[in-house]
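# Chains, contacts and geometry: an overview
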Amino acid sequence: MTTSTTTPVAAAVPRAKPATMAQALTRAMRDAMAEDPTVHVMGEDVGTLGGVFRITDGLAKEFGEDRCTDTPLAEAGILGAAVGMAMYGLRPVVEMQFDAFAYPAFEQLISHVAKMRNRTRGAMPLPITIRVPYGGGIGGVEHHSDSSEAYYVATPGLTVVTPATVEDAYGLLRASIASDDPVVFLEPKRLYWAKADWSPEAPARVPGIGTALVRRSGASATLITYGPSLPVCLEAAEAAREEGWDLEVVDLRSLVPFDEDTVVESVRRTGRAVVVHESGGFGGPGAEIAARITERCFHHLEAPVLRVTGFDIPYPPPMLEKHHLPGVDRILDTVARLQWEN
Amino acid sequence: MTVQELPGAGASHRSTPPPAWRPRTDAAPLLPDPEPYRVLGTGAADRLDPVLMRRCYAELVRGRRYNAQATALTRQGRLAVYPSTVGQEACEIAAALVLEERDWLFPSYRDTLAAVARGLDPVQALTLLRGDWHTGYDPRELRIAPLSTPLATQLPHAVGLAHAARLRGDDVVALAMVGDGGTSEGDFHEAMNFAAVWQAPVVFLVQNNGFAISVPLAKQSAAPTLAHKAVGYGMPGRLVDGNDVAAMHEVLSEAVRRARAGGGPTLVEAVTYRMEAHTNADDATRYRGDAEVEAWKAHDPVALLERELTARGILDEEGVRVEREAAEEMAAALREAMNADPVLDPMDLFAHVYAEQTGRLREQAALLRAELEAEGE
Ligand SMILES: Cc1ncc(C[n+]2csc(CCOP(=O)(O)OP(=O)(O)O)c2C)c(N)n1
């Protein structure tokens with residue numbers, strides 16, 4: 001099996017109906033399991049309950065408890081067992097219940113999952129998908145809203161993707177499960193219930209892992225974002241029209257590999273760039289992206305690359321999270337600062 | 001208000017007891033024997049299989065020589081480090097010999113010898129310690145997982161692999177090795193629990209060699225024995241003399257048999273002693289006295305078997321000479337191979353990170369290639 005670059009397309013094109021991102025994710029696992037008997041889903045509460053977000057709903061019923069397994073409550077154990085299962089030829093799809101509860105598994109993730117291909121000189125790849133619901137905006141109490149992508153993207157050997165649309169939820173998860181490398185699949189939990197017209201019978205062909213997409217074209221500046229911040233950026237772009245700004249919005253979809261060319265191409269055209277994400281700014285993915293843009297677009301830039309990120313604080317309590325999360329106003333204020341004068 | 005005063009807190013307030021969880025397993029048969037199990041020098045030795053014991057003897061002698069050679073190679077700077085298993089050879093050899101070809105071994109960083117006894121090329125087994133690559137072999141070839149440096153982290157892998165094998169209908173067993181210090185790690189506990197809940201065909205072998213670097217067992221665990229830890233998870237714990245290769249072979253074989261037959265996991269604690277320092281970077285005199293080391297010399301695993309086999313007429317002087325010569329030949333070949341400088345390709349640095357190289361890595365590979373070309377000019 002090799003990494004698929006596009007999702008499968010059915011022959012007929014049935015009518016699209018409103019579907020949620022949660023449904024698309026479930027469907028992706030279901031289809032992968034039906035097609036490939038080596039795909040196994042495992043984690044806390046994923047069986048009978050269907051996961052605390054119901055993303056694995058119905059899988060245990062359809063495929064049995066051996067294929068969709070309620071494990072003991074131990075994240076290192078779950079991911080560690082998945083390593084052994086992958087060594088024996090299975091393709092485990094692991095659910096970490098919440099972003100901040102994946103941390104006990106980091107030793108397994110960093111020392112083994114990310115390195116097994118490398119330490120065995122390519123002899124033993126590990127096709128494991130690690131699904132992590134992440135990010136805030138759902139009023140979760142402490143430890144339920146972390147944006148932990150900076151830890152993952154800093155670890156060589158991991159692929160890190162995050163869908164922002166219903167279509168991508170399906171397409172990117174299928175591609176992740178089909179990948180021969182371990183993939184950290186970050187699910188923006190506040191978009192779980194976002195709806196779009198989508199047909200599970202004929203999922204549209206979406207570009208695979210490692211491709212960014214221009215979600216909205218514009219000429220005066222580029223917003224670069226991913227996951228939960230995409231709808232916020234699109235809303236900001238609409239609002240900016242009143243201020244005379246025609247914003248382009250790039251959805252990264254995949255943080256590693258990072259589709260630098262799409263970003264560079266856009267920024268060279270618009271001459272201005274703002275990176276938007278929920279996780280903290282210091283050492284966050286935006287710092288890396290801004291550095292790359294500066295290196296490759298220096299002569300095209302009309303202003304410094306700016307960032308709108310979460311504050312560099314532990315995730316705040318729910319009643320204060322609205323002040324922390326990048327919102328439309330903060331994005332617009334930042335865009336205004338792109339009117340740079342020396 | 002105290003607990004006593006709470007309504008319903010006292011037994012007298014209860015008309016019927018609450019429904020209780022019943023334990024799934026009777027704890028008594030899971031408990032280890034109070035003393036480590038021994039065969040050599042006891043009546044149990046009457047039933048020894050001479051062919052198997054001759055094989056064990058050959059492996060022990062070879063193992064002892066391998067340890068000496070590898071230690072010498074660190075002194076010559078050929079190896080970055082070598083954690084010796086002198087004194088622990090019986091554990092290493094038994095672990096390798098009880099497994100069938102289709103089974104899997106999950107060694108820790110100290111268990112080079114077990115991997116070699118399972119058939120791994122002695123030179124390949126040392127690439128990690130020489131520093132030319134992390135794992136010099138394909139784990140699938142001999143079904144030996146990479147030697148794990150982070151303690152106990154390979155134990156859940158063994159559980160997952162054994163579980164996967166069973167799901168696929170294969171009667172494969174995984175044997176995973178860990179030190180006494182490693183039993184304090186979270187991964188040890190998670191692996192034990194998963195294995196017991198899943199009834200995975202796994203054997204956990206703890207080599208209790210007295211120390212984790214400098215920390216003695218008493219500061220590591222308050223359990224009566226490490227084998228007792230098994231009971232809480234619902235699997236049997238077995239305590240065995242780790243210097244007695246016959247006892248080790250018997251106990252591990254029984255655990256493997258049980259696992260293969262669907263009986264679930266076993267935790268085996270081998271009581272042994274690390275005769276040398278932790279590695280060449282360690283000064284063992286700072287944390288233990290000569291008297292202790294001397295006392296263990298009388299219990300040497302190679303001498304122990306040699307005495308038993310000689311007394312029983314299974315081994316004679318000629319036999320001893322033959323095995324020692326074979327071990328010398330192995331050592332000479334190892335020395336020669338390790339004295340040749342490995343040929344390394346720096347571009348390998350980028351070759352095995354992802355199935356398909358990322359743009360970032362292609363860029364960095366180009367940078368290194370240019371640097372190498374400039375150096376070559
Ligand atoms: C997770 C982790 N922590 C610390 C270390 C550093 N370290 C290497 S060996 C060792 C002691 C191990 O002792 P033990 O488990 O008894 O095994 P032994 O060395 O006696 O075989 C330590 C602390 C490590 N390798 N991994």
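Everything numeric in this text was worked out from a predicted model, so none of it was measured. (Residues numbered from 1 in each chain as written. Chains lettered and ligands numbered in written order. Predicted model: local features only at pLDDT ≥ 70, side-chain atom pairs only at ≥ 80, totals over all residues. Heavy atoms only, no water.)

### Comments concerning the overall build of chain B
So the rule is basically this: Secondary structure elements are taken from DSSP: a helix is a run of H or I of four residues or more, a strand is a run of E of two residues or more, and numbering for both begins at the N terminus. Burial status follows relative accessibility: with a 1.4 Å probe on protein chains alone, a residue under 20% of its type maximum counts as buried, one over 50% as exposed, and anything between as partly exposed. Contacts: residue pairs with any heavy atoms within 4.5 Å of one another. To measure how exposed things are, a 1.4 Å probe is used in the Shrake-Rupley method; for residues, cover is taken only from the protein chains shown. The positive count covers Lys and Arg only, the negative count covers Asp and Glu only, and His and the chain ends enter neither. For the purpose of locating charges, the reference atoms are NZ of Lys, CZ of Arg, CG of Asp and CD of Glu.
Across its full length, chain B carries 13 helices and seven strands. Once the C-alpha set of chain B is aligned to its principal axes, its extents read approximately 90 × 65 × 50 Å. Residue burial in chain B is summarised as follows: out of 377 residues, 51% are buried. Here the contacts in chain B between residues at least 6 apart in sequence split such that 75% fall between residues at least 24 apart. Surface summary for chain B: the accessible area is close to 17300 Å², and the carbon and sulfur share equals 53%. Taking the 38 positively charged and 54 negatively charged side chains of chain B as two groups, their mean positions are separated by 4 Å.

### Concerning a negative patch on the surface
Our working rule: Within this analysis, patches are made of residues with over 30% relative accessible area and no salt bridge. Like charges are joined at 9 Å or less; nonpolar side chains (Val, Leu, Ile, Met, Phe, Trp, Tyr) at 5 Å or less. Here a salt bridge means any side-chain nitrogen of Lys or Arg lying within 4 Å of a carboxyl oxygen belonging to Asp or Glu.
Taken together, the side chains of A:Asp45, A:Glu65, A:Asp66 and A:Asp70 define an acidic patch exposed on the protein surface. The topology assignment puts A:Asp66 in the loop between helix H2 (59–63) and strand S3 (68–70).

### Concerning the UniProt feature "domain: Transketolase-like pyrimidine-binding" (unreviewed entry) in chain A
The cut-off we apply is this: UniProt positions are given in the numbering used here, feature names are shortened, and annotations may be inferred rather than shown by experiment.
The UniProt record annotates "domain: Transketolase-like pyrimidine-binding" (unreviewed entry) at residues 19–194 of chain A. Taken end to end, residues 19–194 of chain A is 36% helix and 17% strand, and its two terminal C-alpha atoms sit 8 Å from one another.

### Brief notes about the site of the ligand
Residues and elements named next belong to chain B. What counts is decided by this rule: We call a residue near a molecule or strand as soon as one heavy atom of that residue lies within 4 Å of the molecule or strand. Definition of a polar contact: a pair of N or O atoms within 3.5 Å, with one able to donate and the other able to accept a hydrogen when the atoms are protein atoms, and with sequence-neighbouring residues admitted only if both atoms are side-chain atoms. Each residue is assigned to one class: nonpolar for Ala, Val, Leu, Ile, Met, Phe, Trp, Tyr, Cys and Pro, charged for Asp, Glu, Lys and Arg, and polar for all the others, Gly among them.
Contacts to the ligand come from 15 residues, most closely from Tyr109, Arg110, Gly181, Gly182 and Asn209. Interatomic distance of 2.9 Å between a backbone N/O atom of Thr149 and a nitrogen atom of the ligand. Take Gly181: an N or O atom from its main chain is 2.8 Å from an oxygen atom of the ligand. Contact with the protein chains hides 74% of the accessible area of the ligand, taken as 580 Å² for the molecule alone. Looking at the shell around the ligand, its residues break down into six nonpolar, six polar and three charged.

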